[in-house]
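# Notes for the structure review
Spelled out, the chains give:
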Amino acid sequence: MRLAFISDIHGNIHALTAVKRFLTENIVNQVIVVGDLVGYGASPGPVIDFVRREGWSTGLGSSDMRVAIDLGDREGRRGVADQVLTWTKKMLTPEQTDFLRRLPPGGRIVTPVGRVRYFHGSPHDPEQRLDLMSSERELEDLADTLGARVIVVGGSHVPFSRVIGETTFVDPGSVGLSLNHEPGADVVIVDCVGRKPKVSLHKVTYDYASSAFDIMAWNLPQVIADVIKTGRMG
């Protein structure tokens, strides 16, 4: 069984289209989206429609939740993300918003190497970031609680893999707004064969200049375009 995990698409349809081409060439049994279809990027509606059309298993991300569910003023947040999320709400159709609202917080998959669990932040809260650099004891306790051999989380925008005991922890990075100092879309493939899962991290090139142009065309914050083009914040 071969699984592809992607996360943090953030409304970047150019990056998502390139990922689809990559996965056509690198065949997998299942594609799982670990949340955040929207936020930052200029094409939130087309990204939602794309994922729905492909039928990929998808979990709820923190940006998805903040767009689809009224969480109040959030203590007066006025950062770049909040500006774009406010804009995103206006751009989505009721059907697209409802799709986000119905996303589960995560999921599980039974594989030949054991159970795989995935969620955006923590098992029950997309906004509660799980730090994969936490102590081994803390992560071991989580793995025992979840009964999982592979745990996949999103939100950091930096691809990462770490093995602790019998459990492999993975962050797929970001399709639409990667922050590992290299422009492109991040994809993780997990081969669930043999005695241990095998994780491979991939950087997919795409037309990030067009993604950055779309940001500016919609008068969204320029800093987002800069991050798309450089793969780094600031």
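Bringing the nonpolar core into the picture now. The nonpolar side chains of a soluble globular protein tend to be buried, and buried together. Judged by nonpolar contacts, the single largest core of 46 residues is most densely connected at Ile6, Ile9, Leu16, Leu37, Trp56, Leu100 and Val187. A total of 7 residues in this core trace back to one element, the largest contributor, which is helix H1 (residues 13–25). Among residues more than four places away in sequence, those in contact with Leu100 are Leu37, Val38, Ile48, Leu60, Asp64, Val67, Ala68 and Leu92. Judged by nonpolar contacts, the second largest core, of 14 residues, contains Phe5, Ile109, Val170 and Val190.

Read across the open sheet, the 5 strands follow the order S3-S2-S1-S9-S10; overall the sheet is mixed. Each edge of the open sheet is held by one strand with a lone partner, namely strand S3 (57–58) and strand S10 (198–204). Relative to S10, strand S9 (residues 185–191) runs antiparallel, the two being bridged by 7 bridges. Of the residues in S10, the one forming a bridge with Val187 is His202. Sheet strands touched by H1: strand S1 (2–6), strand S2 (30–33), S9 and S10. Its angle to S9, the strand with the most contacts, is close to 30 degrees.

Summed over all chains, the structure comprises 4 aromatic pairs. Residues Tyr206 and Tyr208 carry aromatic rings whose centres are separated by 6.1 Å and whose planes lie at 85 degrees to one another, so their mutual orientation is edge-to-face. The exposure class assigned to Tyr206 is buried, which follows from its relative accessible area of 10%. Judged by its relative accessible area of 33%, Tyr208 falls in the partly exposed class.

The next thing to look at is the sheet that holds strand S6 (residues 150–153). Spatially, S4-S5-S6-S8-S7 is the arrangement adopted by the 5 strands of the open sheet, whose pairing is mixed. With one partner strand each, in any of the chains shown, strand S4 (106–111) and strand S7 (160–164) form the two edges of the open sheet. The sheet shows a mean angle of 15 degrees between the axes of neighbouring strands, taken without regard to direction. Strand direction decides the pairing type here: strand S5 (residues 114–119) and S6, joined by 4 bridges, are parallel. The partner of Tyr118 across the bridge, within S6, is Val152. Sheet contacts for helix H6 (residues 136–146): S5, S6, S7 and strand S8 (167–171); angle to S7, the most-contacted strand, approximately 85 degrees.

Conventions and cut-offs
Starting from 1, residues in each chain are numbered consecutively following that chain's sequence as written. Totals for whole chains, interfaces and linings use every residue, but because this is a predicted model, local features are given only for residues with pLDDT of at least 70 and side-chain atom pairs only at 80 or more, for both listing and counting. The basis for the side-chain values is all heavy atoms of the structure; hydrogens and waters are excluded. Among the buried residues, those of types Ala, Val, Leu, Ile, Met, Phe, Trp, Tyr and Cys that are joined through side-chain atoms within 4.5 Å form a nonpolar core. Per-residue accessibility, obtained with a 1.4 Å probe over protein chains only, is compared with the maximum for each type, and a residue is labelled buried under 20%, exposed over 50%, and partly exposed between these values. Here a strand is any run of E in DSSP of at least two residues, a helix any run of H or I of at least four, and the numbering for each starts at the N terminus. Any pair of residues with heavy atoms lying within 4.5 Å of one another is described as a contacting pair. Two strands pair under a simple rule: DSSP has to find at least two bridges between them. Simply put, an axis is a line fit to the C-alpha atoms, just over the touching stretch for a helix, and the angle between two N-to-C directions goes from 0 to 180 degrees. Two rings belonging to Phe, Tyr or Trp (six-membered ring only in the last case) form a pair when the distance between their centres is within 6.5 Å. Interplanar angles under 30 degrees mark stacking, angles over 60 mark edge-to-face geometry, and anything in between is tilted.

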